[in-house]
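# Descriptive analysis of the structure
Spelled out, the chains give:
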Amino acid sequence: LKYMRVGYLAPSGMYLSLTQSNADEAALVASIRPDSYPAGTQDVDGVTWVVYESANPEPIWTTRLSGPAQVAITGAGSTEDYRTLAKATQTQTPL
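Let me sum up the structure you'll find in this document. (Residues numbered from 1 in each chain as written. Predicted model: local features only at pLDDT ≥ 70, side-chain atom pairs only at ≥ 80, totals over all residues. Heavy atoms only, no water.)

What follows deals with the overall build of the protein chain. Looking only at helices and strands, one finds two helices and six strands in the protein chain. Put simply, the protein chain runs from its N terminus to its C terminus through helices and strands in the order β-β-α-β-β-β-β-α. Computed over its C-alpha atoms, the radius of gyration of the protein chain comes to 12 Å, within 12% of the 12 Å expected for a compact globule of 95 residues. Looking at the protein chain as a whole, 40% of its 95 residues qualify as buried. (Helix = DSSP H or I, 4+ residues; strand = E, 2+ residues; numbered from the N terminus. Rg over C-alpha atoms; globule rule 2.2 N^0.38 Å. Buried < 20%, exposed > 50% of the residue type's maximum accessible area, 1.4 Å probe, protein only.)

Structure representation (structure tokens):
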């Protein structure tokens, strides 16, 4: 499992992290929060993000981008903060 993680402060002042990995969805999510389970999806401009929940109140949103890039967002931000970072991420070329 190789990954890169960066952190952001959303306009709301809340923290979000973005992780990109060559792992599949299950392995990436488990590396962030092992007790997570899929709880639904969010559509962001036609891209489906799987939403994982756990005992931790911060969800994980994840999707596969072009090539072997699986990305995940987590943090204390609002749904709108997640959507903003998701949209910005999915419109860029993976590293």
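Next comes the rest of the write-up.
Throughout the structure, instances matching the rule amount to one aromatic pair. Here W61 and Y82 contribute two aromatic rings whose centre-to-centre distance is 5.1 Å and whose plane-to-plane angle is 45°, an arrangement assigned as tilted. A residue pair is termed long-range when its members are at least 10 positions apart, and W61 in strand β5 (residues 60–64) and Y82 in helix α2 (residues 79–90) qualify at 21 residues. Take Y82: its relative accessible area is 1%, and that puts it in the buried class. (Phe/Tyr/Trp six-rings, centres within 6.5 Å; stacked < 30°, edge-to-face > 60°.)

Glancing now at the nonpolar core. Looking at soluble globular proteins, one finds that nonpolar side chains tend to be buried together. Residues W49, W61, I73 and A86 are the most contacted members of the largest nonpolar core, which totals 13 residues. Breaking this core down by element, the ones donating at least two residues are β2 (15–21), β4 (47–53), β6 (70–75) and α2. Here this core gets three residues from one element, more than from any other, and that element is α2. Sequence-distant contacts of W61, that is, excluding residues within four places in its chain, are made with Q42, V44, W49, V50, V51, V71, A72, I73, T79, Y82, R83 and A86. Counting residues in each nonpolar core, the second largest holds seven residues, with A23, L28, V50 and A72 among its members. (Core = buried A, V, L, I, M, F, W, Y, C linked by side-chain atoms within 4.5 Å. Contact = heavy atoms within 4.5 Å.)

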